[in-house]
Amino acid sequence: MQEYLFGSTRVAADADDLQLHLVKAYRAKLRPLCACQPEGVPMYIAHVGDHYVIKRMPDSGAQHKYGLCSSYETPAELSGRGAVLGQAIQDSGDETALRLDFALTKTVGKSAPEATGHERDTVRTDGAKLTLRGLLHYLWDEAGLNRWSPAMEGRRGWSLVRRELLAAMFGKTAKRAPLDAQVFVPETWSKERDAELTAHRIKATAGLAQSGRSKPMMIVIGEVKEIVLARDGAKLVAKHLANFPFMLDADLRRRFDKRFANALALWDGVDGAHLVFIGTFGLAPTGIAVLSALSVMVVTARWIPFEDMYDHLLLEALTDGDRRFVKGLRYNLAEDQALASAVLTDTDVPTALYVLTPGTPASGREALHALVSASAVAAWTWDADEPMQTLPLAKGAPRWLPAPGIATRTAAGAGGFDPEAAL
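Residues numbered from 1 in each chain as written. Predicted model: local features only at pLDDT ≥ 70, side-chain atom pairs only at ≥ 80, totals over all residues. Heavy atoms only, no water.

## Topic: the overall build of the protein chain
When helices and strands are tallied, the protein chain shows 8 helices and 23 strands. Each of the 423 residues in the protein chain was classed as buried or not, and the buried ones make up 50%. Look at the contacts in the protein chain between residues 6 or more apart in sequence, and 61% of them connect residues 24 or more apart. Summed over its atoms, the accessible surface of the protein chain is roughly 19,500 Å², and 53% of this surface lies on carbon and sulfur atoms. (Helix = DSSP H or I, 4+ residues; strand = E, 2+ residues; numbered from the N terminus. Buried < 20%, exposed > 50% of the residue type's maximum accessible area, 1.4 Å probe, protein only. Contact = heavy atoms within 4.5 Å. Areas by Shrake-Rupley, 256 points an atom, 1.4 Å probe, with all protein chains shown as cover.)

Encoded structure:
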């Protein structure tokens, strides 16, 4: 059971009075300790609405106890996170500064900056600044929405997603301003609260209604309900925000359709999938929201990101098997760059899971082999040209021998298959 230390008082994560302890510590500016280690690991508290959330300190995941603590974080090099730490993400301990590669102002009469219609705008290996997609992946990662355990089944919805995203923004700045003041995440809509929610939205975006040549913009994160043709481009309608559509001009719509054709196909083809979008927008003089840049991410019914059907099949096998894991996120990495699809966190040692999709060229296979060889983390690889082999079993499960063709490596180095290291 996860427990926290407030001075000499030990409190369980599911204790009825946890909020009371969080309120007192927050007001006293005291850091609780995660009790997963004998000496305790410092945490911080975020105040989101009327709720207090205890969060892991930035980049302290390795200090938590593997297999026993939900705050444990897999090695950054297994995802795109490792490429942006220290550059696009600069953590001083008390504050995290984010460097963004997209503008939050627009000069009237000047064409919009290149949006995410071209691949180079969001998926490059340069780690100096976060792309739109990189920022979305970072916040999803910080919010723990790419982590899964069987206890989470049936508990995730937009209300929780929004709450955790807002908590993830706490203590972070971008362009020398608090990040949460620059990001709009719509509240869960209800008919009874429609007028109240509209007032909240108007207040949150009031700063965009400025005159002058330089117009401020905000970042929006939401779930796509539909994208429909308009007279000059398209209209993106977000769930929970039906009365406030986001307009795309014809050029952005054309580039969006080309760049995100695969994501749109997955959204259409996978039952229960959600399409999460992130964009920059400003307000026209009429009060209509106009997007300048746009990126999307397709997630499962459980809000776990995935990139293709093979990725989805692996996630379904993991969730159906009641496994605990962390989904790897790409951040700024190019689409063809190798990374771990997920990392199991219920095995004796962390185990990275890789997928080789059908048609992967020899260079892609070599890159994956190099990644596996360079990592100190045990690995399992599924060549999707073949049926999926047995997954490494969770701690305490009976030992197993892999099916023919399994690719594994030990924590000590690459080479032939070692059933002991795969457990």
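And the narrative resumes.
## With respect to the sheet that holds strand S4 (residues 41-48)
In spatial order, the strands read S2-S1-S3-S4-S5; together these 5 strands make up an open sheet with antiparallel pairing. Of all the strands in the sheet, the pair left with one neighbour each is strand S2 (9-12) and strand S5 (51-56). Of the pairings in the sheet, the one linking strand S1 (residues 3-6) to S2 comprises 4 bridges and is antiparallel in character. When the bridges of S2 are listed, leucine 5 appears paired with arginine 10. On top of the sheet, helix H1 (residues 18-27) reaches S1, S2, S4 and S5; it is set at about 75 degrees to S5, its chief contact. (Pairing = 2+ DSSP bridges. Axes fitted to C-alpha atoms, helices over the stretch in contact; angles between N-to-C directions.)

## Side note on the packing of helix H2 (residues 132-142) against helix H3 (residues 158-169)
Contact geometry of H2 with H3 gives a least axis separation of 8 Å together with a crossing angle of 100 degrees. If you check the angle between H2 and H3, you find them roughly perpendicular. Contacts from Leu139, Trp140 and Glu142 of H2 reach H3 at Val161, Leu165, Ala168 and Met169. Classifying every residue of the contact of H2 with H3 by side-chain character gives 6 nonpolar, no polar and 1 charged. (Parallel < 35°, antiparallel > 145°, perpendicular 65-115°, else oblique. Nonpolar A, V, L, I, M, F, W, Y, C, P; charged D, E, K, R; others polar.)

## Some details on the environment of glycine 134
Positionally, glycine 134 belongs in helix H2. Relative accessible area serves as the criterion here: at 0%, glycine 134 is assigned to the buried category. Separated by 196 residues in the primary sequence, glycine 134 and arginine 330 place their C-alpha atoms 7.4 Å from one another. Contacts of glycine 134, omitting those with residues within four sequence positions, involve Tyr331 and Asn332.

## Things to note about the packing of aromatic side chains
The final tally for this structure, using the stated rule, is 9 aromatic pairs. Taken together, a centroid distance of 6.5 Å and an interplanar angle of 80 degrees make the contact between phenylalanine 244 and phenylalanine 281 edge-to-face. Taken together, the residues span a long stretch of sequence, with phenylalanine 244 in strand S16 (residues 241-248) and phenylalanine 281 in strand S17 (residues 274-283) at a distance of 37 residues. Accessibility assignment for this pair places phenylalanine 244 and phenylalanine 281 in one class, buried. With a centroid separation of 5.8 Å and 65 degrees between ring planes, the pair formed by phenylalanine 246 and phenylalanine 277 is classed as edge-to-face. In this pair, phenylalanine 246 sits in strand S16 while phenylalanine 277 sits in strand S17, placing the two residues 31 residues apart along the sequence. Take phenylalanine 277: its relative accessible area is 0%, and that puts it in the buried class. A network of ring pairs unites the aromatic residues Phe244, Phe246, Phe277 and Phe281 as a single cluster. For arginine 259, the ring lying beneath its charged end belongs to phenylalanine 260, and the centroid distance is 4.8 Å. (Phe/Tyr/Trp six-rings, centres within 6.5 Å; stacked < 30°, edge-to-face > 60°. Lys NZ or Arg CZ within 6 Å of the ring centre and 35° of its normal.)

## A look at the sheet that holds strand S7 (residues 96-98)
The strand order across the open sheet built from 4 strands is S6-S7-S10-S11, with neighbouring strands paired in mixed fashion. Two strands lie at the open edges of the sheet, namely strand S6 (89-91) and strand S11 (177-178), each paired on one side alone. Bridge analysis of strand S10 (residues 172-174) against S11 gives 2 bridges, and the strand direction is antiparallel. Bridging from a neighbouring strand, alanine 174 pairs with alanine 177 of S11.

## Digging into the state of the cysteines
The final tally for this structure, using the stated rule, is 0 disulfides. The structure places no disulfide on cysteine 34, whose sulfur is separated from the nearest cysteine sulfur, that of cysteine 69, by 3.5 Å. Residue classification places cysteine 34 among the buried positions, given a relative accessible area of 0%. This cysteine, cysteine 36, is not joined by any disulfide, and cysteine 34 carries the nearest cysteine sulfur, 3.6 Å off. (Disulfide = S-S within 2.5 Å.)

## Some words on the confidence of the model for the protein chain
Chain-level statistics for the protein chain give a pLDDT mean of 88 and a share of 89% at 70 or above. A low-confidence stretch, residues 112-125 stays under pLDDT 50, and its non-local contacts, those more than four residues away or across chains, total 46 contacts. Per-residue pLDDT stays below 50 along residues 400-423; that stretch engages in 49 contacts with residues further than four places along the chain or on separate chains. (pLDDT = per-residue confidence, 0-100.)

## Some words on the side chain of arginine 259
Structurally, arginine 259 is set in helix H5 (residues 250-259). By relative accessible area, arginine 259 is classed as buried at 13%.

## With respect to the nonpolar core
Counting 43 residues, the largest nonpolar core has Phe246, Phe277, Phe281, Leu291, Leu318, Phe325 and Leu353 as its most contacted members. With 5 residues, strand S18 (residues 289-299) is the single largest residue contributor to this core. When near neighbours in sequence (up to four residues on either side) are disregarded, leucine 318 contacts Arg323, Phe325, Ala342, Leu344, Leu353 and Leu391. Within the second largest apolar cluster, 42 residues are counted, among which are Ile89, Leu100, Tyr138 and Leu166. (Core = buried A, V, L, I, M, F, W, Y, C linked by side-chain atoms within 4.5 Å.)

## Thoughts on the environment of valine 237
Secondary-structure assignment places valine 237 in strand S15 (residues 233-238). Between the C-alpha atoms of valine 237 and lysine 225, which are 12 residues apart in sequence, the distance is 5.5 Å. With sequence-adjacent residues up to four places away left out, valine 237 is seen in contact with Glu223, Val224, Lys225, Glu226, Ala242 and Pro245.

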